[in-house]
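Coordinates in review
Okay, here's what each chain looks like letter by letter:
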Amino acid sequence: GIPFGSVNLLYGVDDDESKITSTAGGGTLTLEFGVLSRLTNNTVFEQVAKNSVRGIWARRSKLNLVGAHINVFTGEWTQKDAGIGTSIDSFYEYVLKAYLLFGDEEYLYVFQEAYKAAMHYLHHDPWYIEVNMNSGATVWPLFNSLQAFWPGLQVLAGDVDPAIRTHAAFFSVWQKYGFTPEGFNLATSTVQNGQRSYPLRPELIESTYWLFKATRDYRYLDVGRDILASLQYAAKCPCGYCHISDVETHKQDDHMESFFLAETVKYLWLLFDLAVGPDNIVENGPYKYIFSTEGHLLPATPEITLVDEHCLHFGDRGYSSGDGSSIQQSANCAQFDERRTVSSQNSLSNVLFTTRSYIKGVCPGLSHAQKLGISYHDEQDNTQNSRSHEHPDESYADQSSVQIQSSSVILISHPATSPPDEPLKTSSRAQHLENIVVTGDSEPIEVTDATGGSSEGNTEFFSEDTLSISEQIEVTAEEIASQDDHIEDSTS
């Protein structure tokens, strides 16, 4: 099967109908599986979901449009109607949100190309239609209720002006009937036959919330009030809220989907609560939040969003005070890329900047050296000299001296601490050495420069009194302490 077929096969069925998936279904696992991979340190979930997106996007038309349904085994489109609503909606939603949450620029590229194509071929301001994905010819001049998420997505993408116009058009349909039908024919301005129901969908109120958050325009509170009044007046029933089977007669259907509580009511509450003030966890919590397509909150924590910078969450569980295996694992999976800093001259800053994803600025709880991928023992106590006397078998040193980890020694070099007449030497002499890892075993030396690169082998020593790298000796705590004193004397 094609790469994204494995996602559909999770359902464990093999009849003909199961071979067909919607474009929205092919992309709707991206956030959840990506978060699962980052929390479990198992990349298979994220990779399978990403392969699904790649597989769909690779089969786009020359117009950069995707169809509604595709055979996951043959890769053939079984429905070639392109739109932003039914069967396609969350594909657009998740490629943008995956970039915002994970910082993966491949998702941003897909969204930008797909969004430009949608605005060119599907957008008839302020409405959106469905067209043939290959020719761009109009198939359905139809507004369907699932399109109502689009203005909220445009807010996240920063394209607010068309979002305002489209939201106003969608809400005019709500005002006409008291609800939005599943289908509204734009050519006749009537409810589409067979699509007369309103199953308590959240998309319009979701976009209302995002537009109010972006503009603080109080007319969106009026929209929320009207939506709430319609629900209370026509949808309320003895055991909850009922589907509206016909938006013109307001006849009720004894059914309530779970998304009514997970999304519709949630976005209403967030809208009105934001009007009072940002005193809730979504608006003023410790993290930014990305909403899944089902309205679940996914926090943009460093563990999830800054996975390229480090692999362990900040806090006690992020650092080991035991053997060196977990420390080495942490060091290996935490990679530093100087391109994410403001400039090369600020590479020694205490702040790690990222130019990607929804979370920007500092990575809380991590020292600069830890962001570079160097793990330390517990550093909470700054009185290192006294603790060194209390524990003669351990060396507590600051970030510019020597640290023992099992059989390893980590030397952190800083240009300010190097003797002026003896500059540090590495295989690349263009930059000062950022740090050196010296093992006391028979393993080769690893030298990491300021760009995050490393070299092994012919590495010259710091000075005549520092460690001789060519001699693979076992370094004791007393020797390290004396070397530390010598370094301090040389720099004073």
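All values derive from a computational prediction rather than experimental measurement.

Attention now moves to the UniProt feature "binding site: Ca(2+)" (unreviewed entry) in the protein. Within this structure's numbering, the places UniProt gives as "binding site: Ca(2+)" (unreviewed entry) are T293. Along the polypeptide, T293 turns up in the loop between β16 (289–291) and β17 (297–299). Since its relative accessible area comes to 19%, T293 is described here as buried. T293 has contacts with T28, S90, E93, Y94 and E263, leaving out every residue within four places of it along the chain. Of note is the side chain of T293, whose polar atom sits 2.9 Å from the side chain of E93.

On to the confidence of the model for the protein. Looking at the protein as a whole, the pLDDT averages 73, with 59% of positions reaching at least 70. Note that residues 1–13 has pLDDT below 50 and, in this model, 27 contacts with residues that lie over four places away or in other chains. The low-confidence segment residues 392–477, where pLDDT is below 50, has 151 contacts with residues more than four positions distant or belonging to other chains.

Attention now moves to the packing of aromatic side chains. Under the definition given, this model contains 21 aromatic pairs. Ring geometry for W210 against F291: centres 6.1 Å apart, planes inclined by 85 degrees, an arrangement best described as edge-to-face. Separated by 81 residues along the polypeptide, W210 in helix α9 (residues 203–215) and F291 in strand β16 bring together distant segments of the chain. W210 gets classed as buried once you look at its relative accessible area, which sits at 8%. Judged by relative accessible area, F291 falls into the buried class, the value being 2%.

Taken together, 3 strands build an open sheet; the order of strands is β9-β10-β11 and the sheet is antiparallel. Unpaired on one side and paired on the other, β9 (142–144) and β11 (190–191) mark the two borders of the sheet. Note that strand β10 (residues 183–185) and β11 share 2 bridges and pair antiparallel. Directly across from N185, in β11, lies its bridge partner T190.

Locating S90 in the fold gives a position in helix α5 (residues 89–102). Taking relative accessible area as the criterion, S90 reaches 5% and is therefore assigned buried. S90 sits 66 residues away from A24 along the chain, and the two C-alpha atoms are 4.9 Å apart. Here S90 is in contact with A24, T28 and T293, once residues within four sequence places are set aside.

For helix α11 (residues 259–276), built from 18 residues, the straight-helix expectation of 26 Å at 1.5 Å per residue is met to within 8% by its first-to-last C-alpha distance of 25 Å. At K266, α11 shows its largest bend, some 30 degrees. Regarding α11, the residues found buried are F259, F260, E263, T264, Y267, L268, L270, L271, D273 and L274. Structurally, α11 contributes buried residues whose contacts are with α9, α10 (219–235), β13 (240–241), α12 (281–284) and β16.

Let us look at the pattern of salt bridges. Where side chains of opposite charge bring their charged atoms close, a pairing between them can arise. Enumeration according to the criterion identifies 14 salt bridges in this entry. Across the salt bridge formed by E106 and K50, the nearest N and O atoms sit 3.2 Å from each other. A residue pair is termed long-range when its members are at least 10 positions apart, and E106 in helix α6 (residues 105–121) and K50 in helix α4 (residues 44–58) qualify at 56 residues. Across the salt bridge formed by R196 and E248, the nearest N and O atoms sit 1.8 Å from each other. Note that R196 is positioned in the loop between β11 and α9 and E248 in the loop between β14 (243–246) and β15 (251–253), a separation of 52 residues in sequence. Taking the relative accessible area as the measure of exposure, R196 reaches 23% and is therefore partly exposed. According to the relative accessible area criterion, E248 is partly exposed, its value standing at 47%.

Cut-off values and rules
All residue numbers refer to positions counted from 1 along the written sequence of the respective chain. Only residues with pLDDT of at least 70 get local features here, since the model is predicted, and only at 80 or more are side-chain atom pairs given and counted; chain-wide, interface and lining totals rely on the full set of residues. Hydrogens and water molecules were not included; the side-chain quantities draw on all heavy atoms of the structure. UniProt positions are given in the numbering used here, feature names are shortened, and annotations may be inferred rather than shown by experiment. Secondary structure elements are defined from DSSP: runs of H or I of at least 4 residues count as helices, runs of E of at least 2 residues count as strands, and each element is numbered from the N terminus. Buried means the residue's accessible area, taken with a 1.4 Å probe over protein chains only, is under 20% of the maximum for its type, while exposed means over 50%, and partly exposed covers the values in between. In what follows, residue pairs with any heavy atoms lying within 4.5 Å of each other are defined as contacts. Pairs of N or O atoms within 3.5 Å make up the polar contacts considered here, provided that, within protein, one atom can donate a hydrogen while the other can accept it, and that residues adjacent in sequence are counted only when both atoms are side-chain atoms. Scored from 0 to 100, pLDDT records how confident the predictor is in each individual residue. Working definition: a ring pair exists when centres of Phe, Tyr or Trp rings (six-membered ring for Trp) sit within 6.5 Å. Plane angles under 30 degrees give stacked, over 60 give edge-to-face, the rest tilted. When DSSP finds two or more bridges between two strands, those strands count as paired. How far a helix is expected to stretch is found by multiplying one less than its residue total by 1.5 Å. To get the bend at a given residue, fit one axis to the seven residues ending there, fit another to the seven starting there, and take the angle between those axes. A pairing counts as a salt bridge when a side-chain nitrogen of Lys or Arg comes within 4 Å of a carboxyl oxygen of Asp or Glu.

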